[in-house]
Amino acid sequence: METHNVYLVFLMLGMLITGSINTLSKKAQNDCIAPGVANHSANGTTTEHPFNHPWFQTVIMFTGEMTCLFGLCFIRRRERERWRKERLVTLTEATAAENLLASQPRIFQLILSAPTICDLFGTSLGGIGLVYVNASVWQMLRGSIIIFTGILSKLFLKRQLRFAHWAGMILTMVGLILVGISSIFNDQNKSDVYKTVLGILLILVGQIVGASQMIIEEVFLKKQGFHPLHVVGMEGSFGFFIMCLVVLPAMYFIPGADINGSYENSIDALYQIFNDSNLLIFSLLYLISIAFYNFFGLAVTKSLTGESALLYHKLIRAPDIDRRMQDCDGLGSRSVHLLRF
């Protein structure tokens, strides 16, 4: 029992560190200004412009998750080596082989595409919303995923929520409403108000999708017995190919306000990353932190319930990104602490 508690503390510390790096590096990417592809509206010259590519950031996220498959292969190799040493002592070769295959399901699992779709849209909608609101508001509104996860766990997992749970969810909702209203009234320009409202709505919808992902992942981890690295790695693989083969090409050809008339020009994103060393560093930090953060998060989910993991997830992933975050930190933290799943 004591060893298990130490392991949980290690996982939570890992979430704390990688979650903070995750949020800060993603916002830092959006703050970078770098030259990209030749701008047709500027006579084919290369111009510096902000890195505004939320859908490409989703590709970076999936790439980080996909690297978890290397860790899975390493763990399975160690299990096979241990099996070879133990089979001569405890089991016959045939029985040991059957047990090993049962504990190591095939890597390709089409069923894991379901949480991948949720991850894709939830992260992308949240990333687009981050473009229109401050990082502090974005971080606080992401706490709404606790409310949505609690409701979905009640509906689909038939989990009993006590009075304290509902009270915590209501207080959390009140705090989030105050944060949203405050961010809207802080915008003096009417057009900025519309953008802020749009950003808030996108973030909330993204959290609903993210809550659905957490419920699905809890079912897979606890009932199907998949290793956390397996779930994260396959989500990353499915997401990477969906983004590269479908989503990014569609965003490139859909008319929009991005450079050269695209809704989002991913080629421009690549040029910007390799033309600016700071942007490259932030992108690599985001990729690496995503890989470890998702592993730590799913490992905690496997040990606890999805809501408990989410509560810790929201508590630790709230770094003080800018001064305005200090104004809403106290309210949000007190509300979230009341939700004890």
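None of the values given here were measured: they were computed from a predicted structure. (Residues numbered from 1 in each chain as written. Predicted model: local features only at pLDDT ≥ 70, side-chain atom pairs only at ≥ 80, totals over all residues. Heavy atoms only, no water.)

Visitor: Any chance you could explain the overall build of the chain here in plain terms?
Guide: Summing up its helical and strand segments, the chain has 14 helices and 2 strands in all. Looking at the 341 residues of the chain, the share that counts as buried comes to 48%. Taking the intrachain contacts of the chain between residues at least 6 apart in sequence as the baseline, contacts between residues at least 24 apart amount to 80%. Carbon and sulfur atoms provide 66% of the accessible area of the chain, an area that totals close to 17200 Å². (Helix = DSSP H or I, 4+ residues; strand = E, 2+ residues; numbered from the N terminus. Buried < 20%, exposed > 50% of the residue type's maximum accessible area, 1.4 Å probe, protein only. Contact = heavy atoms within 4.5 Å. Areas by Shrake-Rupley, 256 points an atom, 1.4 Å probe, with all protein chains shown as cover.)

Visitor: Before we go on, may I ask you to explain the packing of helix H2 (residues 54-66) against helix H5 (residues 113-132) in this structure?
Guide: Helix-helix packing is described using two parameters, namely the angle between the two axes and the distance between the axes. Contact geometry for H2 and H5: axes closest at 9 Å, N-to-C directions at 140°. Overall, the two elements H2 and H5 adopt an arrangement that is oblique. Judged by the sense of rotation from one axis to the other, the crossing of H2 with H5 is right-handed. Contacts between H2 and H5 involve Pro54, Trp55, Thr58, Met61, Phe62 and Glu65 on the former and, on the latter, Thr116, Asp119, Leu120, Thr123, Ser124, Gly127 and Ile128. Along the lines of polarity and charge, the residues of the contact of H2 with H5 split into 6 nonpolar, 5 polar and 2 charged. (Axes fitted to C-alpha atoms, helices over the stretch in contact; angles between N-to-C directions. Parallel < 35°, antiparallel > 145°, perpendicular 65-115°, else oblique. Left-handed = near helix turned anticlockwise from the far one by under 90°. Nonpolar A, V, L, I, M, F, W, Y, C, P; charged D, E, K, R; others polar.)

Visitor: Explain the confidence of the model for the chain to me, please; I cannot follow it from the model alone.
Guide: Any region with low pLDDT has predicted coordinates that should not be read closely. Per-residue confidence for the chain gives a mean pLDDT of 78; residues scoring 70 or more make up 79%. No element of the chain has a lower mean pLDDT than helix H14 (residues 325-337), at 33, and none a higher one than helix H11 (residues 266-275), at 94. In the model, residues 315-341 has pLDDT below 50 throughout and makes 63 contacts with residues more than four positions away in sequence or in other chains. (pLDDT = per-residue confidence, 0-100.)

Visitor: What should I look at first to understand the packing of helix H7 (residues 144-156) against helix H8 (residues 163-185) in this one?
Guide: Between H7 and H8, whose axes approach to 9 Å, the crossing angle comes to 145°. Crossing geometry of H7 relative to H8 is assigned as left-handed. Contacts between H7 and H8 pair Ser144, Ile147, Gly150 and Ile151 from the former with Met169, Thr172, Met173 and Leu176 from the latter. Tallied by class, the residues present in the contact of H7 with H8 amount to 5 nonpolar, 3 polar and no charged.

Visitor: Honestly, the layout of surface pockets in this entry has me stumped. Any pointers?
Guide: Over the atoms rolls a probe the size of a water molecule, and in doing so it shows where empty space is left. Taken as a whole, the largest pocket encloses approximately 360 Å³ of empty space. In this structure, the largest pocket is lined by 16 residues; those nearest its centre are Asn52, Tyr132, Ala257, Asp258 and Tyr263. Breaking the lining of the largest pocket down by element, the ones donating at least two residues are strand S2 (45-50), H2 and H5. The class makeup of the residues in the lining of the largest pocket is 9 nonpolar, 4 polar and 3 charged. (1 Å grid on protein atoms, 1.4 Å probe; cavity = no way out; pocket = protein on both sides within 12 Å on 5 of 7 lines; lining within 4 Å. Points joined across faces, edges and corners; volume = space filled by probe spheres on them.)

Visitor: I tried to follow a nonpolar patch on the surface on my own but got confused; where do I start?
Guide: A grouping of Val9, Leu13, Leu16, Ile17, Ile21, Ile281 and Leu285 is seen on the molecular surface, where their side chains present a nonpolar patch of about 570 Å² in accessible area. Broken down by element, the nonpolar patch gets its largest block of residues, 5 residues, from helix H1 (residues 2-31). With respect to the helices and strands, the residue Ile17 is situated in helix H1. Under the relative-accessibility criterion, Ile17 is labelled exposed at 52%. (Patch = residues over 30% accessible without salt bridge, like charges linked within 9 Å, V, L, I, M, F, W, Y side chains within 5 Å. Salt bridge = Lys/Arg side-chain N within 4 Å of Asp/Glu carboxyl O.)

Visitor: I'm lost on the side chain of Gln57 in this one. Help?
Guide: Residue position: Gln57 is located in helix H2. A residue is classified by how much of its surface remains accessible, and Gln57, at 1% relative accessible area, is buried. Those residues in contact with Gln57, other than ones at most four positions away along the chain, are Lys26, Gln29, Asn30, Phe51 and Tyr286.

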